[in-house]
Amino acid sequence: MLKEFQEFISRGNVMDLAVGVIIGAAFGKIVDSLVNDIIMPIIGAIFGGLDFNNYFLPLSSAVNATSLAEAKRQGAVFAYGSFITVALNFIILAFTIFLMIKAVNDLRRRLEREKPVAPAAAPPADVALLTEIRDLLARK
C-alpha cells in the first residue's frame, strides 16, 4: 500500500494539481483584496456610502446593530451584502481564469499553425511497387 501511495504521489499530474491549488489559493486572495478593497467601496459609495459587506436584514427582533459582525452576535441575519461580495469575487475569478485559458488556447493554436508541416514519408517499397504495377495495368 505504501508503494502504491508513493507511485500515486510521484505522478506528474498530482504535483501539477498541488501547484495549481497553491497558486489558486494565492490568486483567490488577490481577487478577494481586489473586490473587498477596491471594487466594493466604489459600489458602496454609489449605493449610499455604506460598507457593502454590512448590508443585511435582521431575522430576529433582538437584532438592532448597524454592523454585520455585531448583528450576527445578536441573532440571525440575512447577510445579502456579504453574499453579493462573494458572488462578485467568483465572477471576477471565473472571468480571469477564462481569459487565461483563452490566452493559452490561442497560443497553442498559433504555435500549431506556425509548426512546419513535415513532408509525407515515402511509402514502403512494397506499396510503391504495387502502386507502380497498378498504374501500368491501368494504362493498358
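A. Looking closely at a nonpolar patch on the surface. Side chains of Leu57, Leu59, Phe78, Tyr80, Phe83 and Ile84 sit close together on the surface and give an oily, nonpolar patch of about 610 Å² of accessible area. Per element, the largest residue contribution to the nonpolar patch is three residues, and it comes from helix α4 (residues 80-114).

B. A look at the packing of aromatic side chains. All chains considered together, the criterion is met by three aromatic pairs. With a centroid separation of 6.1 Å and an interplanar angle of 50 degrees, the aromatic rings of Tyr55 and Tyr80 are classed as tilted. Of this pair, Tyr55 sits in the loop between α2 (12-46) and β1 (57-58) while Tyr80 sits in helix α4; the two residues are 25 residues apart in sequence, bridging distant segments of the chain. On the basis of relative accessibility, which here comes to 13%, the residue Tyr55 falls in the buried class. Take Tyr80: its relative accessible area is 31%, and that puts it in the partly exposed class.

C. Quick look at the environment of Pro41. Structurally, Pro41 is set in helix α2. Residue class for Pro41 comes out partly exposed when judged on its relative accessible area of 40%. The spacing of Pro41 and Ala62 is 21 residues in sequence and 29 Å in space, taken between C-alpha atoms. If we ignore the near neighbours within four places in the chain, the residues touching Pro41 are Val35 and Asn36.

Cut-off values and rules
- For every chain, the first residue of the written sequence is number 1, and numbering continues from 1 onward in sequence order.
- Reporting in this predicted model follows two pLDDT cut-offs: at least 70 for local features of residues, and 80 or more for side-chain atom pairs to be given and counted; totals over whole chains, interfaces and linings ignore these cut-offs and use all residues.
- Note that water and hydrogens are dropped before the side-chain values are worked out from all heavy atoms of the structure.
- Put simply, a patch holds well-exposed residues, over 30% relative accessible area, that have no salt bridge, with like charges counted together within 9 Å and Val, Leu, Ile, Met, Phe, Trp or Tyr side chains within 5 Å.
- Computed with the Shrake-Rupley method and a 1.4 Å probe, the accessible areas treat only the protein chains shown as cover for residues.
- We define a salt bridge as a side-chain nitrogen of Lys or Arg found within 4 Å of a carboxyl oxygen belonging to Asp or Glu.
- Helix and strand assignments come from DSSP, with helices taken as H or I runs of at least 4 residues and strands as E runs of at least 2, each series counted from the N terminus.
- Here a pair means two rings of Phe, Tyr or Trp (six-membered ring of Trp) with centres within 6.5 Å. Their orientation is stacked below 30 degrees between planes, edge-to-face above 60, and tilted elsewhere.
- Relative accessibility under 20% of the residue-type maximum defines a buried residue, over 50% an exposed one, and the middle range a partly exposed one, all with a 1.4 Å probe and only protein chains included.
- We call two residues in contact whenever any of their non-hydrogen atoms come within 4.5 Å of each other.

Geometry only, nothing functional implied.
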